[in-house]
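# Breakdown of the fold
Residue strings, one per chain:
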Amino acid sequence: MENDKPSGLIMIFGATGDLANRKLFPSIYRLFQKGKLNKFAVVGVARRPLTNEQFQENVKESLSDIAGGQDHAEEFASHFYYHSHDVTSSESYIQLKDIAGKLDAQYGLLGNRIFYLAMAPEFFGTIAEQIKAQGLSDTAGYKRLVIEKPFGHSFESAKELNEKIRTAFSEEEIYRIDHYLGKEMVQNIEVIRFSNAIFEPLWNSRYISNIQVTSSETLGVEERGRYYENSGALRDMVQNHLLQMVALLAMEPPIRLTDDEVRSEKVRALRSLRPVAKDEVKNYFVRGQYGPGSAGGKELPAYRDEHNVDSVSNTETFVAGKLLIDNFRWAGVPFYIRTGKRLEAKSTAIVVQFKDIPMNLYYGAEQVLNPNLLVIHIQPDEGITLHLNAKKAGKDIETTPITLTVSNNSIDRINTPEAYEKLLFDSMRGDATNFTHWDEVALSWKFVDSISEAWETEKDSSFPNYPSGSKGPECASELLKKDGHFWWPIEKLETGG
Ligand code: NAD
């Protein structure tokens, strides 16, 4: 890894967009505020004509919600420059090269360049090719491409995109963002597993009954109907974020914590995923689509009535699935995943359910023991809860469930860096651990492709099958019931309760 206080020119393609304004400018600001950057400048690139001054005003505005966001905002914004640019025109890249060269010399950036593509994916290939063709990547320092999801739409389209960007950047220079990997508690999975003697020996099929990964949203599709219609929850969430969390939960301990070692263990975990044949999909995966409903006294529309959505759409807004990992550690342990929009709660959490003890000495009318659970709360709560059984106070021997909780919300939430802040910093330092390698992307797409192909050929006549603001479709509960399991209600497992 390079020095801990990196320097470089960050070129943001799509600098007038939502991602740049909501996430990227505030993240760079926090790095600046904390003194984590040595020398830096930012060139924003987008179609709209703007002067540097107007662009700097936008940047300052994007900081308005940050605590202390006005401190040195003027000085911070002075590092930002704008170039109005159509990414499909090669002439524009020649001007951009000239700007980059000047800023390099002015700020002493050693020729280090981050190309951040905060734009629609159909432009990724063209931009990478133009960066190479017009010599923007001929630089004395590092050159890295940071690229947003979605990375393709299927294995074939991802491969095609990868081949295009590989003409300009080597695999080591490509930083594929999965912002879940920047989240504090997702990064904590490895630490919880590999630094605690009470967990690692139990982390296998002998002691774990099943693992449940849930990512639920209360929001609907909002303004993204056009994108979502071609994606659905499977491609939007499962192929990337959920499979990444499964890989971190399932992988073997790496021999050391370098990016190569961690990634190769994740790749091995993904290689062990049992593929789901097209005609077997219904036994392992179920889907849902939200209908009308309400939340907080507000009426909510059906997915099919959202802007830019087909009135007979077959797109899933909810997915639940059962994954099996065919290796020594995990044989027979189901990993259940679920994700959906317009559910009753916003929450991402992992529940590790341990097997029951071999004999319950405390059976009786009031004496049912709960299984031990390790809950990793990822968002909005951040923390860990361990669910145990203990003696109820009093003279009789009666059991009662108790919980041990560590909650980041009360300890250091304020200091928890945003995922994008960490990931941007890592990309400038050359630490690729929390980015997805092509091998991971390829394996995830291959796994997901057979499911999406089955769903595309067979319309779901039950859609819409869950009301907005509900727990999701009944078929998700049925999926676990067949195995004698049930979904742990996340809202009851929050760190506070
Ligand atoms: P957006 O539509 O708000 O912004 C797109 C940007 O691209 C704008 O700055 C626009 O001017 C620019 N642009 C479009 N066509 C152009 C052209 N021909 N030449 C030059 N500039 C052009 O999109 P967004 O929400 O910021 O998302 C950008 C990318 O990030 C997408 O791939 C999206 O899937 C991904 N993403 C966004 C978020 C988010 O929170 N917004 C989260 C995860 C991933």
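Residues numbered from 1 in each chain as written. Predicted model: local features only at pLDDT ≥ 70, side-chain atom pairs only at ≥ 80, totals over all residues. Heavy atoms only, no water.

### Considerations on the side chain of Asp426
Mapped onto the fold, Asp426 is located in helix α13 (residues 419-429). Apart from residues lying up to four places away in sequence, Asp426 is in contact with Tyr175, Asp431, Asn434 and Phe435. (Helix = DSSP H or I, 4+ residues; strand = E, 2+ residues; numbered from the N terminus. Contact = heavy atoms within 4.5 Å.)

### Topic: helix α5 (residues 124-133)
Those residues of α5 that sit buried are Phe124, Gly125, Ile127, Ala128, Gln130 and Ile131. In this fold, the buried residues of α5 make contact with β1 (8-13), α4 (90-107), β4 (113-117), β5 (143-147) and α6 (155-166). Just downstream of α5, Gly135 is the residue with a positive phi angle, here 80°. (Buried < 20%, exposed > 50% of the residue type's maximum accessible area, 1.4 Å probe, protein only.)

### So, unusual backbone geometry
A cis amide bond links Lys149 with the next residue in sequence, Pro150, at an omega value of 0°. Looking at the secondary structure, you find Pro150 in the loop between β5 and α6. Between Gln379 and the following residue, Pro380, the backbone shows a cis peptide bond with an omega angle of -5°. Assignment of secondary structure puts Pro380 in the loop between β15 (373-379) and β16 (383-391). Here the phi dihedral of Leu110 falls at roughly 60°; this positive angle occurs in a residue that is not glycine. The residue Glu222 is not glycine, and still its phi comes out positive at about 55°. Residue classification places Glu222 among the partly exposed residues on the basis of a relative accessible area of 38%.

### Quick notes on the site of the ligand
Taken together, 20 residues lie around the ligand, and Thr16, Asp18, Leu19, Arg22 and Met119 are the ones closest in. At 2.7 Å, a side-chain N or O of Thr16 approaches an oxygen atom of the ligand. His85 is positioned such that a nitrogen or oxygen atom in its backbone is 3.4 Å from a nitrogen atom of the ligand. Of all the elements, helix α1 (residues 18-33) adds the most residues to the shell around the ligand, at three residues. Of the residues belonging to the shell around the ligand, the class tally is ten nonpolar, four polar and six charged. (Near = heavy atom within 4 Å. Polar contact = N/O pair within 3.5 Å; in protein donor to acceptor, adjacent residues only side chain to side chain. Nonpolar A, V, L, I, M, F, W, Y, C, P; charged D, E, K, R; others polar.)

### Observations concerning the nonpolar core
Formed by 102 residues in total, the largest nonpolar core has its most connected members in Phe13, Phe285, Phe335 and Ile350. Counting residues per element, this core draws most heavily on helix α9 (residues 232-250), at twelve residues. Setting aside chain neighbours within four positions, we find Phe13 in contact with Val45, His85, Val87, Tyr93, Leu96, Phe115, Tyr116, Leu117, Ala118, Met119, Ile127 and Ile131. Ranked by size, the runner-up nonpolar core spans 38 residues in total, among them Phe25, Leu37, Leu63 and Ala118. (Core = buried A, V, L, I, M, F, W, Y, C linked by side-chain atoms within 4.5 Å.)

### Topic: the pattern of salt bridges
Summed over the entire model, instances satisfying the criterion amount to 31 salt bridges. With its nearest N and O atoms 2.8 Å apart, the salt bridge here joins Arg429 to Asp426. Here Asp426 and Arg429 lie together in helix α13, a separation of three residues that amounts to about one turn. Taken as a pair, Arg429 and Asp426 share a single burial class, namely buried. Taken together, the shared-partner salt bridges connect Asp4, Asp426, Arg429 and Asp431 into one network. (Salt bridge = Lys/Arg side-chain N within 4 Å of Asp/Glu carboxyl O.)

### Examining the environment of Lys183
Within the element layout of this structure, Lys183 appears in the loop between β6 (174-176) and α7 (184-194). The spacing of Lys183 and Ile378 is 195 residues in sequence and 7.4 Å in space, taken between C-alpha atoms. Once residues lying within four places of it in the same chain are set aside, the contact partners of Lys183 are Ile378, Gln379, Ala419 and Lys422.

### What to know about the packing of aromatic side chains
For the structure on display, the rule yields 24 aromatic pairs. Between Phe25 and Phe55, the aromatic rings sit 5.7 Å apart at their centres with planes inclined by 80°, giving edge-to-face as the arrangement. On the criterion of sequence distance, the pair formed by Phe25 in helix α1 and Phe55 in helix α2 (residues 52-61) is long-range, its members being 30 residues apart. A relative accessible area of 0% means that Phe55 is categorised as buried. By the ring-pair criterion, three or more aromatic residues cluster together here, those being Phe25, Tyr29, Phe32, Phe40, Phe55, Phe76, Phe80 and Tyr82. Against the face of Phe425 rests Lys36, its NZ or CZ located 4.8 Å from the ring centre. (Phe/Tyr/Trp six-rings, centres within 6.5 Å; stacked < 30°, edge-to-face > 60°. Lys NZ or Arg CZ within 6 Å of the ring centre and 35° of its normal.)

### Comments concerning a nonpolar patch on the surface
A grouping of Met359, Leu361, Tyr362 and Ile397 is seen on the molecular surface, where their side chains present a nonpolar patch of about 450 Å² in accessible area. By relative accessible area, Ile397 is classed as exposed at 52%. (Patch = residues over 30% accessible without salt bridge, like charges linked within 9 Å, V, L, I, M, F, W, Y side chains within 5 Å. Areas by Shrake-Rupley, 256 points an atom, 1.4 Å probe, with all protein chains shown as cover.)

### Re the pairing of strand β13 (residues 335-340)
The buried count for β13 comes to six of six residues, which makes it a mostly enclosed element. Residues Phe335, Ile337 and Thr339 line one face of β13 and the alternating positions Tyr336, Arg338 and Gly340 line the opposite face, and both faces are buried. Relative to β13, strand β7 (residues 208-216) runs parallel, the two sharing six bridges. Residue Ser216 lies in a different strand from β13, and its bridge partner there is Gly340. Bridge analysis of strand β12 (residues 318-323) against β13 gives six bridges, and the strand direction is antiparallel. Bridged to Val319 within β13 is Thr339. (Pairing = 2+ DSSP bridges.)

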